[in-house]
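# Geometric and topological summary
Take a look at the letters that make up each chain.
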Amino acid sequence: MSALYELPVFGLSLTLATYLCSLWLYQRLGRPGLLSPVLVTVIGVAAVLQLTGMPYDLYMQQVALLTLLLGPATVALALPLLRNGHALASSAPAVVATLVVGGAVSISVTVGAMVALGADDAMLRAALPRSVTSPVGLSIADALGASVPMAVVLTLISGVLGAVVGPALLSLVRVRDERARGFAVGMTSHGIGTSRVLGESTVSGGWSSAAMVLNALVMTVTLPAVAQLVA
Amino acid sequence: MGRMSRAALLPPVLLGLVILLLAQMVGLALETLLGLPIPGVVLGLVLIVVLGLLRPTRAVVRLADPAATPLLQHLQLLFVPPGVGIVLELQNLAENALPIALAVGGSFVLTLIVAGLLLQALLRRQDRRRSAADGPAPGDAETGEATV
């Protein structure tokens, strides 16, 4: 087995092939939110690592190309903000108020639940960036000294939750405004949620992706201070 | 014009990638030089936003698009490797399952509802005030704009 996974191209082929299979499955089954391709790929690749006993460090070395591309991809998030920003700019006071209030709710519930149930500091720090789009969340987790994989997985779960129950939950509490629906989903479930509401309407999708980037910017500045206060 | 047509001869995806990488590099350099607490990649993101808002540099941002679009389309592929690292922490995850479920689920549900209701109320008030101020409802115009 080790002869196979020691081939330098093993990690990248495994990751790309699993991702393609997950995409195919996702499209084939009518895009169910629960089968988000990234979640399926993470589980699939993790299972192969467990079964073959391939060390995680070796896998990371083999997929360095993907890690390297994360930087420019994060910078590229500027483009959806620029594209959808002017629609939000005319409602700036409402948008800012929602970002601040929503951010405060998100942080206090996370901290409250973790502290009340006695989770350790490390876990709390990894849970803080969970509403932030992964590329930015990664660097926040890193700055907080949190476990990056844990932060990524919690972020993925948040995104999948948003795609699966987000729109229904918003309808339940009678949020019908397309702009508000998009914004709420983008703020809580970043990219995965955004791709879900984009199917609902382009207005929602635009507001969602702008909210995702704005929320990431706000959290980048806020979370280090919060982490210092509570952990 | 002349500059644009010359740039058009270069491979667009590579050109876009170089623009994004340069912005990231400037961000990382700023982070180290100024000792800022904000990650360099995020500074790079802000730099591109600023360049895109200023008229003379807007064209540079447009050139980044051919690389940005495919990168963002498959953004999720890029965090498979860090996500797979969870295999090292399955124990930790299982031990903290309850607080995690409550923190992640609870803050997700509450934030979603609060943000949705609040923004809807604020936008409605704003639309009403604007349509009272000037005849045709500007809410519709805005929605049209957002679809672009």
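### What to know about the overall build of chain A
In terms of regular secondary structure, chain A is built from twelve helices and zero strands. Seen in sequence order, chain A has helices and strands lined up from the N terminus as α-α-α-α-α-α-α-α-α-α-α-α. Here chain A has a C-alpha radius of gyration of 18 Å; the compact-globule value for 231 residues is 17 Å, and the two agree. Taking the intrachain contacts of chain A between residues at least 6 apart in sequence as the baseline, contacts between residues at least 24 apart amount to 64%.

### Re helix α10 (residues 148–172) of chain A
Residue and element names in this part refer to chain A. Between its terminal C-alpha atoms α10 stretches 34 Å, which fits the 36 Å expected from 25 residues at 1.5 Å a residue. Along α10, the largest kink reaches about 55 degrees and is centred on V165; proline P167 follows within four residues of it. Taking burial as the measure, the 25 residues of α10 include 20 buried ones, the bulk of the element. At the exit of α10 stands R174, carrying a positive phi of roughly 60 degrees.

### Focus on the domain arrangement of chain B
Assigned domains of chain B: these are domain 1 (1–77) and domain 2 (93–133). Taken over C-alpha atoms, the centre of domain 1 of chain B sits 32 Å from the centre of domain 2 of chain B.

### Quick word on the domain arrangement of chain A
All names here are of chain A. Under the domain assignment, chain A is made up of domain 1 (1–67) and domain 2 (69–230). Spacing between the C-alpha centres of domain 1 and domain 2 amounts to 25 Å. Facing the nine residues of domain 1 at the interface are nine residues of domain 2. For the side of domain 1 that touches domain 2, the elements supplying multiple residues, two or more each, are α3 (37–52) and α5 (64–76). Each residue belonging to the side of domain 1 that touches domain 2 can be placed in one class, and the counts come to six nonpolar, three polar and no charged.

### Focus: the interface of chain A and chain B
Facing 91 residues of chain A, the contacting portion of chain B comprises 66 residues. Here the side of chain A that touches chain B gets 14 residues from one element, more than from any other, and that element is α10(A). Of the residues assigned to the side of chain A that touches chain B, the class counts are 61 nonpolar, 26 polar and four charged.

### Considering unusual backbone geometry
Residues and elements named next belong to chain A. In this model, R31 sits at a positive phi of 50 degrees, which is unusual for a non-glycine residue. Position of R31 among the secondary structure elements: in the loop between α2 (10–28) and α3. Its identity is not glycine, yet R174 carries a phi of approximately 60 degrees, on the positive side. With respect to the element layout, R174 can be found in the loop between α10 and α11 (178–198). Note on R174: 10 C-beta atoms within 10 Å, which makes it exposed.

Rules used in this analysis
- Residues numbered from 1 in each chain as written.
- Chains lettered and ligands numbered in written order.
- Predicted model: local features only at pLDDT ≥ 70, side-chain atom pairs only at ≥ 80, totals over all residues.
- Helix = DSSP H or I, 4+ residues; strand = E, 2+ residues; numbered from the N terminus.
- Rg over C-alpha atoms; globule rule 2.2 N^0.38 Å.
- Contact = placed C-beta atoms within 7 Å.
- Expected span 1.5 Å × (residues − 1).
- Bend = angle between axes of the 7 residues up to and from the residue.
- Buried ≥ 20, exposed ≤ 12 C-beta atoms within 10 Å, placed from the backbone.
- Domains from an automatic or database assignment.
- Nonpolar A, V, L, I, M, F, W, Y, C, P; charged D, E, K, R; others polar.

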